[in-house]
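The chain contents come next:
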Amino acid sequence: MPPAIRRAILPVGGLGTRFLPATKAMPKEMLPVVDKPLIQYAVEEARAAGIEQIVFVTGRGKTAIEDHFDDSFELRETLRSRGKAAELEAMTEMVGRPGEIAYVRQQEPLGLGHAVWCARHLAGDEPVAILLADDLVLADTPCLKQMMEAYQETGGNLVAVTDVPREQTGRYGILDIGKDDGRLVSVNGLVEKPSPDKAPSTLSIIGRYILQPEIFGHLDMKERGAGGEIQLTDAMARMIGSMPFHGLRFEGQRFDCGDKVGFIEASIAFALARDDLGPDVRERLRSYMA
Ligand code: G1P
């Protein structure tokens, strides 16, 4: 059995320029889908997959994320005095156990690979999960949990993947596919953001990774890739051949919330999936479509 994964890294240092002015004074990870910030979906997904320790890689202007996962005495007391038991329980659960969450800062925006590398000392010599809060997955079994189960078969490195229209390959890390059984694919190569004519396939990496600690050695080289950034994809590509490397076609629907249309679609899909909101929202949408 491969070693258990206890730690997750959540890079949250990005500037969120695509969502200005909403993100001028607020981290993009705090944008709510229905009534929960993106980052909370990611933390809940990590916890549901058995993750015990979370490392946020933050930057300037991101303190709202730390406050979000901290206790709020005033809120707690107000909810208690008003008898709002369900809300109180939800707030208490969200905060987590003391020491569960650690924060490191990425001082310069040098890329996703660099952000992950900033967490190397806290990750230790163990495999880690990485979750990008921009990618939301609506699924019966949370995406990272599906990956943990698949990882019991594959070991090594595992990324969650989904097919995208060919004209969108330039937005994602794309797989060069080896063996493919429809669920698990073995990875022969990885290219970060290839143009549609150069993309080896249309199978794209979504922001869910399980990686062996050797990744940090490769990130140490600090080589620049697509867009002049230190790319996680390039460091992962260097591990192909030295250990198993698979892509998992997870069950569920992924929403790219780094994109405005994707974000709006996620808001609609998550609202429709809720028992308390779904019927009303469906009704209103119908009237728009009419
Ligand atoms: C990052 C990764 C890319 C991956 C994507 C998933 O890109 O570099 O390989 O496909 O996340 O959302 P970014 O969205 O940071 O540009």
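The structure reproduced in this document is the subject of the present report.

This part is about the nonpolar core. Counting residues in each nonpolar core, the largest one holds 45 residues, and the members touching the most others are Leu10, Ile39, Ile51, Phe56, Leu136 and Leu144. With near-sequence residues (within four places) excluded, Phe56 lies in contact with Leu10, Val12, Ile39, Val43, Ile65, Phe69, Ile101, Ala102, Tyr103 and Val104. One finds Val116, Val128, Leu190 and Met236 within the second-largest nonpolar core, a separate group that totals 32 residues.

Take the packing of helix 3 (residues 73-81) against helix 4 (residues 85-95) next. Running from N to C, helix 3 and helix 4 cross one another at 155°; their axes reach a closest spacing of 8 Å. Judged by the inter-axis angle, helix 3 sits roughly antiparallel to helix 4. Here helix 3 and helix 4 pass one another in a crossing that is left-handed. In this structure, helix 3 uses Leu75, Arg76, Leu79 and Arg80 to contact helix 4, whose residues at the interface are Glu87, Leu88 and Met91. Among the residues forming the contact of helix 3 with helix 4, the class breakdown is 4 nonpolar, no polar and 3 charged.

Next up on the list: the pattern of salt bridges. Under the defined criterion, the tally for this structure stands at 18 salt bridges. Connected via shared salt-bridge partners are Arg6, Arg7 and Glu126.

With 5 of its 7 residues buried, strand 8 (residues 157-163) lies for the most part within the structure. Relative to strand 12 (residues 245-249), strand 8 runs parallel, the two being bridged by 5 bridges. Looking at strand 12, one finds that Ala160 is bridged to Leu248. In terms of strand pairing, strand 8 meets strand 11 (residues 203-211) through 5 bridges, oriented antiparallel. Among the inter-strand pairings, Asp163 is bridged to a residue of strand 11, identified as Leu203.

What follows deals with the state of the cysteines. For the structure shown, the criterion picks out 0 disulfides. Unpaired in terms of disulfides, Cys257 finds its nearest cysteine sulfur in Cys143, a separation of 14 Å.

Our next topic: unusual backbone geometry. A cis amide bond links Leu20 with the next residue in sequence, Pro21, at an omega value of 5°. Within the chain, Lys193 stands out as a residue other than glycine whose phi angle is a positive 50°. Inspection of the secondary structure assignment puts Lys193 in the loop between strand 10 (184-192) and strand 11. The backbone phi angle of Lys222 is positive, close to 50°, even though this residue is not glycine. Mapped onto the elements of the fold, Lys222 is located in the loop between helix 8 (214-220) and helix 9 (232-237). For Lys222, a relative accessible area of 36% corresponds to the partly exposed category.

Taken together, the neighbourhood of the ligand is formed by 13 residues, with Asp135, Gly173, Glu192, Lys193 and Ile205 sitting nearest. One of the backbone N or O atoms of Gly173 is found 2.9 Å from an oxygen atom in the ligand. In the model, an oxygen atom of the ligand is placed 3.2 Å from a nitrogen or oxygen of the Thr233 side chain. With the chains in place, 81% of the 370 Å² that the ligand exposes on its own is no longer accessible. Broken down by class, the residue content of the shell around the ligand amounts to 5 nonpolar, 4 polar and 4 charged.

What counts and how
- Residues numbered from 1 in each chain as written.
- Predicted model: local features only at pLDDT ≥ 70, side-chain atom pairs only at ≥ 80, totals over all residues.
- Heavy atoms only, no water.
- Core = buried A, V, L, I, M, F, W, Y, C linked by side-chain atoms within 4.5 Å.
- Buried < 20%, exposed > 50% of the residue type's maximum accessible area, 1.4 Å probe, protein only.
- Contact = heavy atoms within 4.5 Å.
- Axes fitted to C-alpha atoms, helices over the stretch in contact; angles between N-to-C directions.
- Helix = DSSP H or I, 4+ residues; strand = E, 2+ residues; numbered from the N terminus.
- Parallel < 35°, antiparallel > 145°, perpendicular 65-115°, else oblique.
- Left-handed = near helix turned anticlockwise from the far one by under 90°.
- Nonpolar A, V, L, I, M, F, W, Y, C, P; charged D, E, K, R; others polar.
- Salt bridge = Lys/Arg side-chain N within 4 Å of Asp/Glu carboxyl O.
- Pairing = 2+ DSSP bridges.
- Disulfide = S-S within 2.5 Å.
- Near = heavy atom within 4 Å.
- Polar contact = N/O pair within 3.5 Å; in protein donor to acceptor, adjacent residues only side chain to side chain.
- Areas by Shrake-Rupley, 256 points an atom, 1.4 Å probe, with all protein chains shown as cover.

These figures capture arrangement, not role.
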